[in-house]
Amino acid sequence: MPSPERRDRAVALGVAFAFALSLGIGIVTIPLLALDAGYDAAAIGFLVAVAAASQLATRLALPWLLGRFADRSLIAAAAGLMVAAFGILLVSTALPAFLIAQVAQGASRAIFWTSSQTHAIRGGGPPV
């Protein structure tokens, strides 16, 4: 039976892989969905920029969040935000839906990657 550290590391790698895969799919699919919905290149560029700005803004709140919530809880919340971002676009492709989805996706990226790195460092054993 694997040690708790090995099991935690394997789960962390699996979760990071799944998140990265969903993020990669979303980064390609959301602009294509916007193109299909009839938005022009400038609007699509704006939507991509909204996700990046959301990620940066969320990182400002992360020290507070990481001090009050468990890393695993934040990782789960980030995954939930990513699912919500995609779910919103299943319901509507109106501009407000795209904006909310991109804000959620950017926040999700910030929370997930920072929390997963913090979890690796706070855990026992070498963080490599």
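Everything below is about the structure shown above.
Not measured: the values here are computed from a predicted model.

Analysis parameters
Residues numbered from 1 in each chain as written. Predicted model: local features only at pLDDT ≥ 70, side-chain atom pairs only at ≥ 80, totals over all residues. Heavy atoms only, no water. Helix = DSSP H or I, 4+ residues; strand = E, 2+ residues; numbered from the N terminus. Contact = heavy atoms within 4.5 Å. Patch = residues over 30% accessible without salt bridge, like charges linked within 9 Å, V, L, I, M, F, W, Y side chains within 5 Å. Areas by Shrake-Rupley, 256 points an atom, 1.4 Å probe, with all protein chains shown as cover. Salt bridge = Lys/Arg side-chain N within 4 Å of Asp/Glu carboxyl O. Phe/Tyr/Trp six-rings, centres within 6.5 Å; stacked < 30°, edge-to-face > 60°. Buried < 20%, exposed > 50% of the residue type's maximum accessible area, 1.4 Å probe, protein only.

J.: Describe the environment of Phe19, naming the residues involved and giving the relevant values.
T.: The topology assignment puts Phe19 in helix α1 (residues 4-36). With sequence-adjacent residues up to four places away left out, Phe19 is seen in contact with Ala78, Met82, Ser108, Arg109, Phe112 and Trp113.

J.: Describe a nonpolar patch on the surface, with residues and values.
T.: A cluster of nonpolar residues, Ile27, Val28, Leu32 and Leu35, forms a patch on the protein surface that exposes about 380 Å² of accessible area. Looking at the element boundaries, Ile27 is found in helix α1.

J.: Describe the packing of aromatic side chains, naming the residues involved and giving the relevant values.
T.: Taken as a whole, this structure holds 5 aromatic pairs when the rule is applied. For the ring pair Phe19 and Phe112, a centre distance of 4.0 Å and an interplane angle of 10° mean the geometry is stacked. Within this pair, whereas Phe19 is found in helix α1, its partner Phe112 is found in helix α4 (residues 95-122), the two being separated by 93 residues in sequence. Between the aromatic rings of Phe19 and Trp113, the centroid separation amounts to 5.6 Å while the plane-to-plane angle is 85°, which identifies the pairing as edge-to-face. Separated by 94 residues along the polypeptide, Phe19 in helix α1 and Trp113 in helix α4 bring together distant segments of the chain. For Phe19, a relative accessible area of 5% translates into the label buried. Relative accessible area serves as the criterion here: at 26%, Trp113 is assigned to the partly exposed category. Connected via pairs of aromatic rings, a cluster forms that spans Phe19, Phe112 and Trp113.

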